[in-house]
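# Structure at a glance
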Amino acid sequence: SISLYQAPSHCRVTPVTIPPLSENIEIMTGGKVFFEVNGELRTFERGTIFWHLPGDKTICHTPPDAPYNCLSVRVSTYDHPVRVVPRVTFWNSDEDLSVFTREALKCFHDDSIDHDILIPYIYARICWQAHYYTRRKPDPEYPEFLRRLLKHINLHLADDLRIEQDPAVVLPAGE
């Protein structure tokens, strides 16, 4: 299913635990949400993609002055899904996200559209955005050490990042 969810500002949102043989993808279209990544509560906004597998809980902590809204895509699977992209990534373009959200909702609720074709397209498109975010190349004008650092951050977005723990991102002397 595909739906647009808006968190209420007047009450607490209850997270949903993803059941076996299903996935839930939430793409923030507005507001703010607080989500724990490696024991640290972080703030996320429009364009953040949350990829939930069985046993994961959906996003739910939102400030009353900026309740989040998101495009929610729920997919049933025939086998146990595996994480092919990080749990938290970002949509590449704000304008593209708006177009995609409108198109996905419109097509899903259009009875003349074949859902057996539409849902794999939408799933693949979101997967591509998440994958693209982790693989995009930093601006070539950046110094080499900064390109390595940005690549490391993109690949380990959900990890607790510490420069002193990873020799791949050590800065050159004097930097």
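As the structure is a prediction and not an experimental result, all values here were calculated from the model.

Basis of the calculations
- Residues numbered from 1 in each chain as written.
- Predicted model: local features only at pLDDT ≥ 70, side-chain atom pairs only at ≥ 80, totals over all residues.
- Heavy atoms only, no water.
- Core = buried A, V, L, I, M, F, W, Y, C linked by side-chain atoms within 4.5 Å.
- Buried < 20%, exposed > 50% of the residue type's maximum accessible area, 1.4 Å probe, protein only.
- Helix = DSSP H or I, 4+ residues; strand = E, 2+ residues; numbered from the N terminus.
- Contact = heavy atoms within 4.5 Å.
- Salt bridge = Lys/Arg side-chain N within 4 Å of Asp/Glu carboxyl O.
- pLDDT = per-residue confidence, 0-100.
- Pairing = 2+ DSSP bridges.
- Phe/Tyr/Trp six-rings, centres within 6.5 Å; stacked < 30°, edge-to-face > 60°.

### Focus on the nonpolar core
Ile27 and Ile126 are the most contacted members of the largest nonpolar core, which totals 23 residues. Secondary-structure elements contributing two or more residues to this core are strand S2 (22–30), strand S5 (48–52), strand S6 (69–76), helix H1 (94–108) and helix H2 (115–135). Not counting residues up to four positions away in its chain, the partners in contact with Ile126 are Ile25, Ile27, Ile49, Trp51, Val73, Trp91 and Phe100.

### A word on the pattern of salt bridges
Evaluation of the coordinates by the stated rule reveals 6 salt bridges. Between Arg46 and Asp94 there is a salt bridge, with the nearest N and O atoms lying 2.2 Å from each other. Here Asp94 lies in helix H1 and Arg46 lies in the loop between strand S4 (40–44) and S5, a separation of 48 residues in the sequence. Asp56 serves as the salt-bridge partner of Arg87, at 3.7 Å between the closest nitrogen and oxygen. Of the two residues, Arg87 sits in the loop between S6 and strand S7 (88–90) while Asp56 sits in the loop between S5 and S6, which places them 31 residues apart along the sequence. Taken as a pair, Arg87 and Asp56 share a single burial class, namely buried. The structure contains a network of salt bridges with shared partners spanning Asp56, Arg83 and Arg87.

### A short note on the confidence of the model for the protein chain
Mean pLDDT over the protein chain works out to 86, with 81% of the residues at or above the 70 mark. Confidence, expressed as mean pLDDT per element, reaches its minimum in the protein chain at helix H3 (residues 144–155) with 69 and its maximum at S2 with 96.

### Considerations on the pairing of strand S3 (residues 33–37)
Only one face of S3 is buried, namely the one carrying Val33, Phe35 and Val37, since none of Phe34 and Glu36 on the opposite face is buried. Where S3 meets S4, 5 bridges bridge the pair, whose relative direction is antiparallel. Across the sheet, Val33 pairs through a bridge with Phe44, a residue of S4. Linking S3 to S4, which pair antiparallel, is a turn of 2 residues; within it Asn38 sits at a positive phi near 50°.

### What about the pairing of S2?
Burial of S2 is extensive: 9 of the 9 residues sit out of reach of the surface. In the sheet, S2 pairs with S6 via 8 bridges, with the strands oriented antiparallel. Directly across from Ile27, in S6, lies its bridge partner Leu71.

### What to know about unusual backbone geometry
With a phi close to 60°, Leu21 is a non-glycine residue in the positive phi region. Position of Leu21 among the secondary structure elements: in the loop between strand S1 (2–6) and S2. For Leu21, a relative accessible area of 34% gives the class partly exposed. Phi at Asn38 takes a positive value of approximately 50°, unusual for a residue other than glycine. Position of Asn38 among the secondary structure elements: in the loop between S3 and S4.

### Describing the packing of aromatic side chains
Counted under the stated rule, the structure contains 8 aromatic pairs. Aromatic ring contacts, followed pair by pair, group Phe35, Phe44, Phe50, Phe90 and Tyr133 into a single cluster.

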